[in-house]
Amino acid sequence: QVQLVESGGGLVQAGGSLRLSCAASGSIYSINDMGWYRQAPGKQRELVATITSTGSTNYADSVKGRFTISSDNAKNTVYLQMNSLNPEHPAVYSCNADARSSYGDDYYYWGPGTQVPVSS
């Protein structure tokens, strides 16, 4: 089984920054790409950013210039640096990985999600 766990969500002031991390663990054979998605209240889940194992990135237009995705392949970890956040527009951010397990299963795996920002 491949598991993803997000961390780094929390409180933030208007215009503040947060850095999310997502670590993949379990019986991993390879990871093709990883990414971040988010879902705001009353809206559908949307793509935020993705990064391939070779470092190619893709961003939603709404976050270009404010968010930066990066990864550490050796640690099977993806990061999302988020700047200029608006606490009035919270969302649940979820980590995704296109991964193949050691047993040959190839799926898009999902983490449980983390609230950004948390309620206060």
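Relevant structure appears above.
Below is a short write-up of the structure.

About the thresholds
- One numbering rule holds for all chains: residues counted from 1, following each sequence as written.
- Predicted model: local features are reported for residues with pLDDT of at least 70 only, side-chain atom pairs are reported and counted for 80 or more only, and whole-chain, interface and lining totals are derived from all residues.
- Hydrogens and waters are ignored; side-chain quantities use all the structure's heavy atoms.
- A pair is scored as a salt bridge if a Lys or Arg side-chain nitrogen falls within 4 Å of a carboxyl oxygen belonging to Asp or Glu.
- Burial classification: accessible surface area is computed with a 1.4 Å probe over protein chains only, and a residue below 20% of its type maximum counts as buried, one above 50% as exposed, and the rest as partly exposed.
- The disulfide definition used here is simple: a pair of cysteine sulfur atoms within 2.5 Å.
- We count a stretch as a helix when DSSP gives it H or I for four or more residues in a row; a strand needs E for two or more, and each element gets its number in order from the N terminus.

**A short note on the pattern of salt bridges**
Then step 1. Under the definition given, this model contains three salt bridges.
Then step 2. The residue Lys64 makes a salt bridge to Asp61 at a minimum N-O spacing of 3.2 Å.
Then step 3. Judged by its relative accessible area of 63%, Asp61 is exposed.
Then step 4. Here Arg100 ties to Asp106 by a salt bridge, and the two come within 3.4 Å at their closest N and O atoms.
Then step 5. Using a relative accessible area of 38% as the deciding quantity, one classes Arg100 as partly exposed.
Then step 6. Taking the relative accessible area as the measure of exposure, Asp106 reaches 36% and is therefore partly exposed.

**Brief notes about the state of the cysteines**
Structurally, a disulfide amounts to a covalent bond that connects the sulfur atoms of two cysteines.
Then step 1. With the rule as written, the count across this model stands at one disulfide.
Then step 2. Linked covalently through their sulfurs, Cys22 and Cys95 form a disulfide whose S-S length is 2.1 Å. Judged by the sign of its S-S torsion, about -90 degrees, the bond between Cys22 and Cys95 is left-handed. Here Cys95 lies in strand β8 (residues 91-101) and Cys22 lies in strand β2 (residues 18-26), a separation of 73 residues in the sequence. Here Cys22 matches Cys95 in class, with each residue buried.

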